[in-house]
Amino acid sequence: MNENQLREQIAELGKSLYDRGLAHGSAGNISVRLAGGDFLLTPTNSCLGRLDPARISRLDGSGKLIDGDPPSKEALLHLAMYQERPRSEAVVHLHSLHAVAVSCLADINPADVFPPITAYAVMQVGKLALVPYYPPGDAALADAVRKLAGKHHAVLLANHGPVVAGTSLTAAVNAIEELEQTAHLMLSLRGRPTRLLTAEQIAELNRRFPS
Ligand code: 13P
């Protein structure tokens, strides 16, 4: 896809997330890597449901604004994901309801937030790591994401929300939707006896569907 097509796709998928209640207000941001090494990133304080493709920020590899509106305050966090994951072509961050609820729980395993409830959670989210709390846009938040990004394409910012990288924008959006769905399931099943996937079943999924 060329740059204009990617700008259109960011606006189209942003609206899709917004229309289905996965994004609200000015929360969340979306980026894609361009062929020459620059990035497109949604502008700060923009609503994902009402993006103007022509005003999406274009940044160079160091995060400097090349054109468009001032970028998301999470630019450093997006760049950290790309720098640690050379095969990632897109990054999506949301404040989706159930994932944020899970990010506020005091008793989750920070190395592996979701129990293995479904095959798609294992295949598309994998081991979800919890990133310690820092304020939105803080350089320390980007540093904390960088420490985990090499091993995790999906991370959950404590008391904030999920960040997912993908090999395309549709892959990243599909995975963050699966993450939100899994968070909803996890909360729905809390306190109920639950049959989890076994270690053998997880290993078989990883063999059949390598990431
Ligand atoms: P921006 O409006 O700067 O993109 O910030 C929104 C957000 O989700 C912060 O985490």
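Source: prediction; values computed, not measured.

1. Notes on the packing of helix H1 (residues 3-19) against helix H6 (residues 169-189)
Reasoning step 1: Viewed as axis vectors pointing N to C, H1 and H6 meet at an angle of 15°, and their least axial separation amounts to 11 Å. On the basis of their axis angle, the class for H1 and H6 is roughly parallel. Read as a crossing pair, H1 and H6 show a hand that is right-handed. Mapping the contact onto sequence places Gln9, Ile10, Leu13 and Leu17 in H1 and Leu169, Thr170, Val173 and Glu177 in H6.
Reasoning step 2: Residue classes in the contact of H1 with H6 are distributed as five nonpolar, two polar and one charged.

2. Describing the packing of aromatic side chains
Reasoning step 1: Evaluated as defined, the whole model comprises one aromatic pair.
Reasoning step 2: Between Phe39 and Tyr82 the ring centres are 4.6 Å apart and the planes differ by 40°, which places this aromatic pair in the tilted class. Taken as a pair, Phe39 in strand S2 (residues 39-41) and Tyr82 in helix H2 (residues 75-84) lie far apart in primary sequence, 43 residues in all. Assigned by exposure class, Phe39 and Tyr82 land together as buried.

3. Let's talk about the sheet that holds strand S6 (residues 129-131)
Reasoning step 1: As summarised here, the arrangement of the eight strands in space is S4-S3-S2-S1-S5-S8-S7-S6, forming an open sheet in which the pairing is mixed. Whereas interior strands pair on both sides, the edge strands pair on one side only; in this sheet they are strand S4 (65-67) and S6. Across the sheet, the mean angle from the axis of one strand to that of its neighbour is 25°, orientation sign disregarded.
Reasoning step 2: The sheet contacts of helix H5 (residues 139-149) involve S6 and strand S7 (154-157), and relative to S6 the element is tilted by about 160°.
Reasoning step 3: Sheet strands in contact with H6 are strand S1 (29-33), strand S5 (90-93), S7 and strand S8 (161-166), and its direction is about 145° off that of S8.

4. A look at the pairing of S1
Reasoning step 1: Across the five residues of S1, four count as buried, placing the element largely inside the fold.
Reasoning step 2: Where S1 lies against S5, four bridges are found, and the strand directions are antiparallel. In the strand pairing of S5, Ser31 is matched with Val91.
Reasoning step 3: Of the pairings in the sheet, the one linking S1 to S2 comprises three bridges and is antiparallel in character. Residue pairing in the sheet places Ser31 in a bridge with Leu41 of S2.

5. Details of unusual backbone geometry
Reasoning step 1: Although it is not a glycine, Asn45 adopts a positive phi angle of roughly 65°.
Reasoning step 2: For Asn45, the position within the fold is in the loop between S2 and strand S3 (57-59).
Reasoning step 3: Classification of Asn45 by relative accessible area gives exposed; the value is 59%.
Reasoning step 4: Despite not being glycine, Asn159 has its phi angle at roughly 50°, a positive value.
Reasoning step 5: Structurally, Asn159 is set in the loop between S7 and S8.
Reasoning step 6: A residue is classified by how much of its surface remains accessible, and Asn159, at 45% relative accessible area, is partly exposed.

Rules and cut-offs
- Residues numbered from 1 in each chain as written.
- Predicted model: local features only at pLDDT ≥ 70, side-chain atom pairs only at ≥ 80, totals over all residues.
- Heavy atoms only, no water.
- Axes fitted to C-alpha atoms, helices over the stretch in contact; angles between N-to-C directions.
- Helix = DSSP H or I, 4+ residues; strand = E, 2+ residues; numbered from the N terminus.
- Parallel < 35°, antiparallel > 145°, perpendicular 65-115°, else oblique.
- Left-handed = near helix turned anticlockwise from the far one by under 90°.
- Contact = heavy atoms within 4.5 Å.
- Nonpolar A, V, L, I, M, F, W, Y, C, P; charged D, E, K, R; others polar.
- Phe/Tyr/Trp six-rings, centres within 6.5 Å; stacked < 30°, edge-to-face > 60°.
- Buried < 20%, exposed > 50% of the residue type's maximum accessible area, 1.4 Å probe, protein only.
- Pairing = 2+ DSSP bridges.

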